[in-house]
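One-letter residues, chain by chain:
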Amino acid sequence: MRTLVLASQKGGVGKTTIAGHLAVMAESAGAGPVALIDTDPQGSLSSWWNERKAETPVFASVDIVQLADHLQQLKKAGIKLAIIDTPPAVTETIRQVLAVADLVLIPTRPSPHDLRAVGSTVALVEAVGKRMVFVINGAAQRAKITGEAAIALSQHGTVAPVTLYQRTDFAASMIDGRTAQEIDPTSRSAGEIVELWKYVATQLHKK
Ligand SMILES: Nc1ncnc2c1ncn2[C@@H]1O[C@H](COP(=O)(O)OP(=O)(O)OP(=O)(O)O)[C@@H](O)[C@H]1O
Ligand SMILES: [Mg+2]
């Protein structure tokens, strides 16, 4: 079993959106069974999951204090990928979650505020010695700042070679518990998630 953690101390960067989209994507790519874990007290990911009609991915309620044990149980139950969403904060909880990660995915919006804020997340991940990858989310078409953001981020670490653009269907699809690819698998959003998953899947299996 592999564990992917979505983390960013900055709020609203797309952690929950990407957690849900990658979970559904990984299932359809045959990398499941996937278990979703929501460690954010706001519970956005669990609310989304509760709206779902599809049976996969499954949702696992875990106690942070026993996170490692609970992950072992999921592994024994046959789960192949656990995807953990986290709150936008720097807390002891985040440290405990990062400790169990095989890979940390850090979504970042291509804005100066977001880029300036990325340092504290990077410091947390580096403190626990985990591998991390940035993904630029919410990019505007043909905006120069997207390229500049990638360059700025590359000074901190690896940037995913896939950018997620600002598209209404990423948000709208989640209202009734679905994802962009479930609404229209031929959409550009769905295509971006396919590419992001391919990249994340290879990174997850690197040692
Ligand atoms: N690529 C995108 N295109 C359009 N809307 C997006 C995109 N990514 C995220 N959003 C929207 O932006 C908002 C914030 O996204 P999301 O909740 O996934 O971020 P988050 O990092 O989990 O936030 P928080 O830190 O509050 O948990 C949501 O309304 C979501 O629907
Ligand atoms: Mg969230």
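Just above sits the structure.
Quick caveat: nothing in here was measured; it's all calculated off a predicted structure.

1. With respect to the site of ligand 1
Argument step 1. Close contacts around ligand 1 come from 19 residues, with K15, T16, T17, P88 and A171 the closest.
Argument step 2. Elements supplying a minimum of two residues to the shell around ligand 1: α1 (15-28), β6 (132-139) and α7 (168-172).
Argument step 3. Looking at which element gives the most residues to the shell around ligand 1, the answer is α1, with three residues.
Argument step 4. Across the shell around ligand 1, the residue classes tally to six nonpolar, ten polar and three charged.

2. Some remarks on α1
Argument step 1. Here α1 spans 20 Å end to end across 14 residues, near enough to the 20 Å set by a 1.5 Å rise per residue.
Argument step 2. Burial runs high along α1: twelve of the 14 residues are buried.
Argument step 3. Those residues of α1 that sit buried are K15, T16, T17, I18, A19, G20, H21, L22, A23, V24, M25 and A26.
Argument step 4. Phi for G30, located one or two positions after α1, is positive at around 85°.

3. Digging into the environment of A172
Argument step 1. In this fold, A172 is placed in helix α7.
Argument step 2. With eleven residues separating them along the chain, A172 and I183 place their C-alpha atoms 9.7 Å apart.

About the cut-offs
Residues numbered from 1 in each chain as written. Chains lettered and ligands numbered in written order. Predicted model: local features only at pLDDT ≥ 70, side-chain atom pairs only at ≥ 80, totals over all residues. Near = placed C-beta within 6 Å. Helix = DSSP H or I, 4+ residues; strand = E, 2+ residues; numbered from the N terminus. Nonpolar A, V, L, I, M, F, W, Y, C, P; charged D, E, K, R; others polar. Expected span 1.5 Å × (residues − 1). Buried ≥ 20, exposed ≤ 12 C-beta atoms within 10 Å, placed from the backbone.

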